[in-house]
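Listed below, chain by chain, are the residues.
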Amino acid sequence: MSVSLQKDSRLASPAIVAEGLERLGYIASPSVATSVYVSAALEKPLLVEGPAGVGKTELAKALAQYLQKPLIRLQCYEGLDEARALYEWKYGKQLLYVQLLKDKIAELTAGTKTLEQALAVIHAQDELFFSRDFLEPRPLLQSLQVPGGAVLLVDEVDKADPEFEALLLEVLSDFQVSIPELGTIVATEKPLVVLTSNRVREMGDALRRRCLHLYLNFPDAALEERIVAAQVPQCTARLRAQLVAFVHGLRKLDLRKLPAVSETIDWARTLVLLHADQLAWDLVQDTLNVLLKFQEDAEQVHHQGLRLVQEACRDGPHAAALR
Amino acid sequence: MDRTLLLFVEALRQAGVRITPDETTDALRIAGEVGLAERDTLREVLGCTLAKSVADKRRFEATFQRFFALPGSSADSPQQTAPTAGATADDAGLPQAEPAAGDLSQEPGVMMQQRLAAAAREMRIDTIALPTQKGLYTRRLAMAAGGEELEAAWQLAQRQGDLETAAQLAAQGERLRAHARAMVEQAYQLYGKGRMQALSDIILQEKPLSALETRDLKRMRPLVEAMAQRLKDKRRITRHLRRGTLDVRRTLRANMGHDGVLMEVAWHRRLQQQPRLVALCDVSRSVERYVRFLLMLLFELKSVIRDLQVFAFAGDVACVNELFQRLSLEQALDAVPHAAPGGATDYGQLWRHMTAHQLHLFNRQTTVLVLGDARSNDLDPEVALLRRLSAQVKRVMWLDPEPRVQWGWGDSVIWRYRPLLHGLHECSTLLQLEHAVNRALVDFGA
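Anyway, here's the lowdown on the structure attached to this text. (Residues numbered from 1 in each chain as written. Chains lettered and ligands numbered in written order. Predicted model: local features only at pLDDT ≥ 70, side-chain atom pairs only at ≥ 80, totals over all residues. Heavy atoms only, no water.)

## A few points about the overall build of chain A
Move 1: From N to C terminus, chain A includes 16 helices and nine strands.
Move 2: Counting every position in chain A, which comprises 323 residues, the buried fraction comes to 50%.
Move 3: The contacts in chain A between residues at least 6 apart in sequence include a share of 76% that link residues at least 24 apart.
Move 4: Accessible surface for chain A amounts to roughly 15300 Å². Of this, 53% is attributable to carbon and sulfur atoms. (Helix = DSSP H or I, 4+ residues; strand = E, 2+ residues; numbered from the N terminus. Buried < 20%, exposed > 50% of the residue type's maximum accessible area, 1.4 Å probe, protein only. Contact = heavy atoms within 4.5 Å. Areas by Shrake-Rupley, 256 points an atom, 1.4 Å probe, with all protein chains shown as cover.)

Now the structure itself:
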């Protein structure tokens, strides 16, 4: 049991992972760091679920940057099939080669007397047209072939059809792809796999069982402040505390789309651009469209926003300074 | 440590989290790596390996808190967890060393806990299955954890007339029993309650829906949800891929412009047919209760049946799609039975309405699902109209909530409809309803 599962010292413990990601500006909560650590230790894909904009995709990007491995991304959508996800034969190239090599084929079959003999000659060659030269690897297969391993991001896997999940199973559990004409291609180095889902559709049980599961929710205020500090260092501590408190106030309202972390960051950037160093209601009104993406949400906040701004400015650690 | 984790997995399963042996192996491997010392790290690593959905995460958190608060469940022998025993022992009251038998009256609380933990392990406290076993388990646990010696010492003190010691020993015994009781109660919550629940679920699924009591209804919702999930999982497998094989004719035609040199490839495309389910629900008093469960099931299946048309009928017919889409399940269930105009149930009127106003819904992609007892109050059953509909749809499935022996008796016209149906199933229990809907959905989208 005590046999070490770890190969990469950069993934040796949750603390090391958290620290490494933080250096790159991705502030990982303990559960995120632990999940990444477990995923690397057990060589299992990590399924990350949660609302949009909490940093699911960013996690994969940050991991690739941290491990200095290429990020291979497969964006899922309805109708995605194996030809676009796994591999495809280059049919056009095959047909073109057949045309170009017409004479050569004629030469080859020139000596034969019967149709059977001619077919046997061609049969001996047909492996040529189903070799790796005519294989177009798509993201899933690509990620298995990268020397030194890669980070594979299967983004918004819930948007793909249920049958696509079945396609993923072989890749994710055994890190191999079976191609009838070529045989099984096994990963040279197992990629670190991150799947993300917004829970548009519930994932099948078989896929869940093969993955580790991480539910990424909106961060608490302290963590979100750290995230803003890392992403927008120009933002003053007072403004940071106030804007995070305001966003947390917004998330308590019954809005059609709650502002996510990415929107907090965008908003912080906007406020910094406007040279703000503390929150004020007129400033909030002017920049609210960065945070809220629906008209009805904006209208609702116009009614309650002043109170939220006051609360955000009152409760923050810099309240005393304000008064 | 492995035993502790296996017990924890068992407790999670009892709490309703589905865990495969493979996942258990993962949990053991990773827990061996991080150890039991860091409670938070342990919770995180077990959480991501064992709980794979948001609902499971909630159950996991609750069970984790309860399990690691239970002395004995996490009780490894001190040798096994020697380097990490400190923190875990603090958290879960683990034995640091086997308590020395002897001066029981001096035994401090920790020692008592340790004895209890050891005794609980010995007697397999996790086998508790029924609430009525609690008394027996408590007594056996207390006795095994030193109660016997305490009792003997108390009797000796009584005989010797040492009343002060006797009183002390009695208080000690009472404390021991209280601890044992708390421990058995927790063990029941962890291991027994789930078993009890599973048993009552099986009974509920086979109980006639008409005999359900109000308290049962609350339990039915998760059962129906689980049922819907099973049906959804099955349906996933029956769907087909979109792209077909190479279309030679179209390929040749497409490449005529390239002087016959084949450069573009054309594929057979499989048309995505939109399968439609038309559910016709009899909401008269006699069938209302069954309709409730069918509606619950259909509501859960909304995501896989994209084109779902629901009608309620009694004296006349009403389309309730809008209620179904707009309201929450509870509201819809209450609203649907009142949507159809009352009066005596008239199956003839149902078919007249459908052929007159809703004929466009019935085509080769349509599966019709009727839930009703076919008791038409001696009104004209309009068999000819049903024949017409039946001929132009893919299938007509009928779910009759009455026991088979009552079919055709009195004003029931089910046998007159029977030859026009592609399936007729009795559905007086939840289990039968699941089988019937499953049959209706087989090949539904193909």
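## Considerations on the pairing of strand 7 (residues 395-400) of chain B
Residues and elements named next belong to chain B.
Move 1: Along strand 7, six of the six residues are buried, which leaves the element largely enclosed by surrounding structure.
Move 2: Going residue by residue along strand 7, you find Arg395, Met397 and Leu399 tucked away on one face and Val396, Trp398 and Asp400 tucked away on the opposite face as well.
Move 3: Across five bridges, strand 6 (residues 366-371) lies against strand 7 in parallel orientation. Considered in strand 7, the bridge of Val368 is made with Val396. (Pairing = 2+ DSSP bridges.)

## Focus on the sheet that holds strand 9 (residues 212-215) of chain A
Move 1: Here we have five strands laid out as an open sheet, ordered 2-5-8-1-9 (chain A), and parallel in their pairing. The open sheet is flanked by strand 2 (71-75) and strand 9 of chain A, the only strands paired with a single partner. Averaged over all pairs of adjacent strands, the angle between their axes in this sheet comes to 20°, without regard to strand direction.
Move 2: Of the strand pairs in this sheet, strand 2 of chain A and strand 5 (residues 151-155) of chain A are connected by five bridges, and their pairing is parallel. Bridge pairing in strand 5 of chain A places Leu74 of chain A opposite Val154 of chain A.
Move 3: Set on the sheet, helix 4 (residues 54-67) of chain B makes contact with strand 1 (46-49) and strand 9 of chain A; between it and strand 9 of chain A the angle comes to about 90°. (Axes fitted to C-alpha atoms, helices over the stretch in contact; angles between N-to-C directions.)

## What to know about helix 13 (residues 261-273) of chain A
Residues and elements named next belong to chain A.
Move 1: Taking 1.5 Å as the rise per residue, helix 13 with 13 residues should run 18 Å; its terminal C-alpha atoms sit 18 Å apart, in good agreement.
Move 2: Listed as buried for helix 13 are Val261, Glu263, Thr264, Ile265, Trp267, Ala268 and Leu271.
Move 3: Buried-residue contacts for helix 13 involve helix 11 (221-231), helix 12 (237-251) and helix 14 (281-291).
Move 4: Phi turns positive one or two residues past the end of helix 13, at His275, with a value near 60°. (Expected span 1.5 Å × (residues − 1).)

## A short note on the sheet that holds strand 8 (residues 423-426) of chain B
By way of backbone hydrogen bonds, the strands of a sheet pair with one another, either parallel or antiparallel.
All names here are of chain B.
Move 1: Read from one edge of the open sheet, six strands run 5-4-3-6-7-8, paired in mixed fashion. Two strands lie at the open edges of the sheet, namely strand 5 (317-319) and strand 8, each paired on one side alone. Averaged over all adjacent pairs, the angle separating strand axes in this sheet is 20°, with direction ignored.
Move 2: Where strand 4 (residues 307-313) meets strand 5, three bridges bridge the pair, whose relative direction is antiparallel. By the bridge assignment, Ala312 is partnered in strand 5 with Ala318.
Move 3: Sitting on the sheet, helix 11 (residues 288-301) touches strand 3 (276-282), strand 4, strand 6 and strand 7, and the angle it makes with strand 3 is about 160°.
Move 4: Each of strand 3, strand 4, strand 5, strand 6 and strand 7 is contacted by helix 14 (residues 347-357), which is oriented at about 150° to strand 3, the strand it contacts most.

## Some points on helix 15 (residues 383-392) of chain B
Residues and elements named next belong to chain B.
Move 1: Here helix 15 has its buried residues at Val383, Leu385, Leu386, Leu389 and Ser390. One side of helix 15 holds all its buried residues, which, seen down the axis, span an arc of 155°. Turned more than 90 degrees away from the buried face of helix 15 sit Ala384 and Ala391, all of them exposed. (Arc of directions from axis to C-beta.)

## Digging into the packing of helix 3 (residues 39-50) of chain B against helix 4 of chain B
All names here are of chain B.
Move 1: Close contact between helix 3 and helix 4 brings their axes to 11 Å; oriented N to C, the two are set at 145°. In the crossing of helix 3 with helix 4, the sense of the turn from one axis to the other is right-handed. Touching Arg39, Leu42, Arg43, Leu46, Gly47 and Cys48 of helix 3 are Lys57, Phe60, Glu61 and Phe64, all from helix 4. (Left-handed = near helix turned anticlockwise from the far one by under 90°.)

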